[in-house]
2 protein chains.
Amino acid sequence: MSKSIKVGLLGLGTVGTGVYKVLTQNAEIIAQRVGTPVTVEKIVVNNVNKKRDIDLPPGIITDRAEAVLDNPDIDIVVEVMGGIEPAREYILKALRGGKHVVTANKDLIAEYGEELFDAEKEHHTDLFFEASVAGGIPIIRPLKQCLAANRVTEVMGIINGTTNFILTKMTQEGSDFDEVLAEAQALGYAEADPTADVDGLDAARKIAILASVAFNTRVTYRDVYVEGIRNIGAMDIKYASELGYTVKLLGIAKDQDGQVEVRVHPVLIPNSHPLAAVNEAFNAIFVRGNAVGETMFYGPGAGELPTASAVVADIIEVARNIISSVTGRISCTCYEQRAIKPIGEIFSKYYLRLIVKDEPGVLASIASVLGNQNVSIATVIQKRSIEDLAEIVLITHQVQEQNLQDALAVIKGMSITKEIANVIRVEGEDE
Amino acid sequence: MSKSIKVGLLGLGTVGTGVYKVLTQNAEIIAQRVGTPVTVEKIVVNNVNKKRDIDLPPGIITDRAEAVLDNPDIDIVVEVMGGIEPAREYILKALRGGKHVVTANKDLIAEYGEELFDAEKEHHTDLFFEASVAGGIPIIRPLKQCLAANRVTEVMGIINGTTNFILTKMTQEGSDFDEVLAEAQALGYAEADPTADVDGLDAARKIAILASVAFNTRVTYRDVYVEGIRNIGAMDIKYASELGYTVKLLGIAKDQDGQVEVRVHPVLIPNSHPLAAVNEAFNAIFVRGNAVGETMFYGPGAGELPTASAVVADIIEVARNIISSVTGRISCTCYEQRAIKPIGEIFSKYYLRLIVKDEPGVLASIASVLGNQNVSIATVIQKRSIEDLAEIVLITHQVQEQNLQDALAVIKGMSITKEIANVIRVEGEDE
């Protein structure tokens with residue numbers, strides 16, 4: 001065996017602790033698979049005196065980032081501190097110093113990916129980021145290697161565990177969003193400030209990364225159209241179920257004639273679609289390729305050890321590359337520059353829930369407005385009557401978003417319309 | 001770009017045709033991803049005059065294997081002819097000649113893997129076999145790379161599309177095996193001689209390969225305990241459903257205290273398990289690792305283009321390795337020698353369906369025999385009465401197989417027992 005590969009950790013939060021545990025507990029099998037031991041040399045933390053749940057050898061932790069970044073013994077820098085700065089500065093410094101970097105930082109990759117991968121290329125180092133999307137689920141490497149024979153046409157994923165937990169509970173219990181959010185917060189599945197999760201911002205960063213890798217073009221999180229799940233009501237889930245659908249928050253990226261469609265929003269998905277059965281806090285990513293057809297990758301999207309599984313897999317890859325003197329073998333795959341399709345130009349089916357006056361001719365009026373914008377109706381059900389109001393649920397055929405929005409603007413202004421209670425896109429079925 | 005990478009195909013059946021199509025139709029993106037074009041130089045077939053559905057350049061097909069094996073221009077030999085000989089001889093000759101090999105041949109890898117990987121190692125070449133298990137689903141590379149941080153403890157898969165199609169139809173239609181088999185044969189989902197599929201032999205080869213990769217030890221198809229699905233009745237599926245289970249044919253491999261359990265048989269799996277929702281001819285492989293927890297890989301397990309997706313991914317990996325001068329980077333991973341656990345020593349829960357005399361005290365007698373062998377009962381339901389006979393359905397707690405078999409031998413000999421109608425293992429739930 002050659003000399004051991006030495007790792008420096010930046011950060012010792014949930015993921016950092018997991019990485020340390022996996023590298024020590026599975027040290028023997030990892031050494032066997034790499035061909036040499038992989039050991040943690042230094043760990044950079046903010047507060048060296050903080051009490052921690054793991055046993056660490058004396059002298060391993062430090063509050064000086066230079067103890068890793070300027071340490072000639074360290075081969076691989078593992079950035080698990082999160083946030084933009086100083087993570088960005090540290091990663092750039094590591095790459096410029098010829099060190100390889102493994103990161104779990106979705107915010108950074110989704111926003112500053114280009115700068116980081118340029119540095120990776122310039123310095124012939126490896127910068128791997130499997131853990132930045134969907135925690136323990138292998139998806140970045142499968143897209144870059146296992147599915148490399150395919151032109152990927154579509155990536156759709158449940159890539160936020162908190163919102164999937166909330167939607168699963170709402171579905172199982174028939175409860176409303178606020179109630180289940182409180183429950184999720186009590187159980188630790190949602191944070192005190194749930195914005196990043198429930199408003200889709202976390203998923204937006206992940207789908208930006210997936211779209212970049214799948215379509216070989218740079219997509220940042222600012223390119224992503226985003227809607228969260230705060231507006232999903234118990235009634236929407238109930239009606240969806242009656243019509244054979246499940247409500248999920250998806251990150252969606254599609255190759256549309258060379259343009260890229262990239263969005264995060266709630267959808268109705270047919271119960272027969274493999275993503276419909278993904279429940280609780282689990283994640284899954286559905287990939288369609290022009291050779292393979294439909295595939296799906298399922299597993300835990302977060303957590304100490306699952307996320308560490310992805311980080312350490314990247315460490316093992318870098319270590320194998322170091323041993324074979326072949327780092328930089330597969331670097332940034334954004335060869336192309338594709339335009340992002342504006343949301344108004346996408347095509348989708350839609351679920352509409354409208355509250356209207358309960359009087360003759362109302363449905364005809366609405367259908368006529370929709371028809372004027374080329375929105376044709378696949379299914380319509382008149383649901384509850386509430387005093388002098390009626391609730392109408394519609395599913396449209398495939399239509400361009402702008403046409404639907406134009407029709408809805410007209411419907412909203414009509415005297416018969418009390419409320420456009422919800423508009424949810426329908427995904428995952430053929431026209 | 002450096003010189004193009006040249007491929008020689010052995011075989012032009014379903015998979016070979018798919019490989020040719022993917023390499024030509026996706027040539028541009030593959031060249032981009034590899035860094036140089038990958039082209040088919042020669043194709044070896046039995047009958048050069050056979051009419052084929054694809055357009056081929058003149059002179060590309062030949063019936064002389066030497067046109068590939070002795071061709072100094074060819075870098076990668078793709079064996080998609082199937083069967084043991086002459087595929088084995090050809091692959092060995094290619095490896096010994098310093099050529100890299102990609103194969104989809106499960107029979108060969110599951111039986112002669114050791115000999116082939118020894119030759120791969122000796123000649124510092126690559127021998128890849130992603131397509132030998134579960135068609136288009138990436139699973140070999142994910143086990144060797146993406147999940148390399150884990151001690152894998154369990155691999156369970158729906159790895160035969162024909163039997164999954166049959167069991168799905170039996171479940172949806174309430175029909176019996178023979179009826180659905182005939183339907184599957186008519187639709188082309190089952191062959192005229194369905195033995196390899198319905199008796200579990202095809203799945204046995206695949207689980208042997210998966211077990212070898214997952215547990216880093218050589219497992220051949222002769223090590224696999226096998227039962228097929230001919231004995232599954234419509235009533236078994238109905239009762240399973242009433243109890244919250246789905247009937248599937250699984251390949252199962254477990255790491256049990258250093259020994260390997262490896263088997264193929266029908267199981268009852270809880271409806272909440274992700275494998276339970278895998279229907280029709282789709283395949284899926286569930287992997288449990290000590291860091292990642294539960295993951296699952298889902299997709300098409302067969303077919304021209306899906307299988308080609310896996311073969312061409314392997315070709316791309318070899319091509320990248322050739323360009324980086326790093327072939328043999330990750331070769332055979334069977335570092336260990338582990339014993340196979342005999343079927344009598346495994347622990348499982350069991351579903352039993354018994355036809356007994358419909359008289360007082362029968363259940364007590366049976367429970368007493370089971371109890372004498374430490375088989376404790378979790379659930380018991382008395383189902384149909386048929387004249388003077390009763391049908392009893394039991395689910396046991398976890399018990400050692402041999403104890404159950406001993407109890408069943410006693411029950412079979414009792415005067416109250418008309419028939420032990422079925423015994424099916426229950427998988428996928430905690431005790």
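A.B. asks: Which residues make up unusual backbone geometry, and what are the values?
C.D. replies: With omega at 5 degrees, the peptide bond leading from E85 of chain A into P86 of chain A counts as cis. Even without being glycine, H124 of chain B reaches a positive phi, approximately 50 degrees. Residues other than glycine seldom take positive phi values, yet D257 of chain B does so here, at roughly 50 degrees. On the secondary structure map, D257 of chain B appears in the loop between β9 (245-256) and β10 (259-270).

A.B. asks: Mind laying out the sheet that holds strand β2 (residues 38-44) of chain B, listing which residues take part and the relevant values?
C.D. replies: Residues and elements named next belong to chain B. Overall, parallel pairing links the six strands, which are arranged β3-β2-β1-β4-β5-β6 in an open sheet. For this open sheet the edge positions go to β3 (61-62) and β6 (127-128), each flanked by a neighbour on one side alone. Inspection of the sheet shows strand β4 (residues 76-79) paired to strand β5 (residues 100-103) by four bridges, in the parallel sense. Bridging across to β5, E79 finds its partner in T103.

A.B. asks: Lay out the packing of helix α13 (residues 362-372) of chain B against helix α14 (residues 401-413) of chain B with the relevant residues and their values.
C.D. replies: All names here are of chain B. Their axes nearest at 8 Å, the elements α13 and α14 cross at an angle of 150 degrees. As summarised for this structure, α13 and α14 are arranged roughly antiparallel, according to the angle between their axes. The element α13 and its partner α14 pack so that their crossing is right-handed. The residues of α14 that touch α13, namely those facing I366, V369 and L370, are A407, V410 and I411. In terms of residue class, the contact of α13 with α14 is built from six nonpolar, no polar and no charged.

A.B. asks: Quick one: what's the story with the pairing of strand β9 (residues 245-256) of chain A, residue by residue and with numbers?
C.D. replies: Residue and element names in this part refer to chain A. Of all 12 residues making up β9, 11 are buried, and the element is well covered by its neighbours. Across four bridges, strand β7 (residues 152-158) lies against β9 in antiparallel orientation. Across the sheet, M156 pairs through a bridge with I252, a residue of β9. Hairpin remark: β9 followed by strand β10 (residues 259-270), antiparallel, with two residues in the connecting loop; positive phi at D257, about 50 degrees.

A.B. asks: Describe the domain arrangement of chain A, with residues and values.
C.D. replies: Residues and elements named next belong to chain A. As far as domains go, chain A holds domain 1 (5-134 + 304-323), domain 2 (140-300) and domain 3 (343-426). For domain 1 and domain 2, the distance between their C-alpha centres works out to 28 Å. When residues in the side of domain 1 that touches domain 2 are grouped by element, the largest group, seven residues, is from helix α5 (residues 106-122). The residue inventory of the side of domain 1 that touches domain 2, partitioned by class, reads six nonpolar, two polar and five charged.

A.B. asks: Before we move on, could you go through the nonpolar core and cite the residues and values that matter?
C.D. replies: Residues I207 and V311 of chain A together with I207 and V311 of chain B are the most contacted members of the largest nonpolar core, which totals 274 residues. Beyond its immediate chain neighbours, meaning those up to four positions away, I207 of chain B contacts I159, V224, G251, I252, A253, V262 and V264 of chain B.

Parameters at a glance
- Residues numbered from 1 in each chain as written.
- Chains lettered and ligands numbered in written order.
- Predicted model: local features only at pLDDT ≥ 70, side-chain atom pairs only at ≥ 80, totals over all residues.
- Helix = DSSP H or I, 4+ residues; strand = E, 2+ residues; numbered from the N terminus.
- Pairing = 2+ DSSP bridges.
- Axes fitted to C-alpha atoms, helices over the stretch in contact; angles between N-to-C directions.
- Parallel < 35°, antiparallel > 145°, perpendicular 65-115°, else oblique.
- Left-handed = near helix turned anticlockwise from the far one by under 90°.
- Contact = placed C-beta atoms within 7 Å.
- Nonpolar A, V, L, I, M, F, W, Y, C, P; charged D, E, K, R; others polar.
- Buried ≥ 20, exposed ≤ 12 C-beta atoms within 10 Å, placed from the backbone.
- Domains from an automatic or database assignment.
- Core = buried A, V, L, I, M, F, W, Y, C linked by C-beta atoms within 7 Å.

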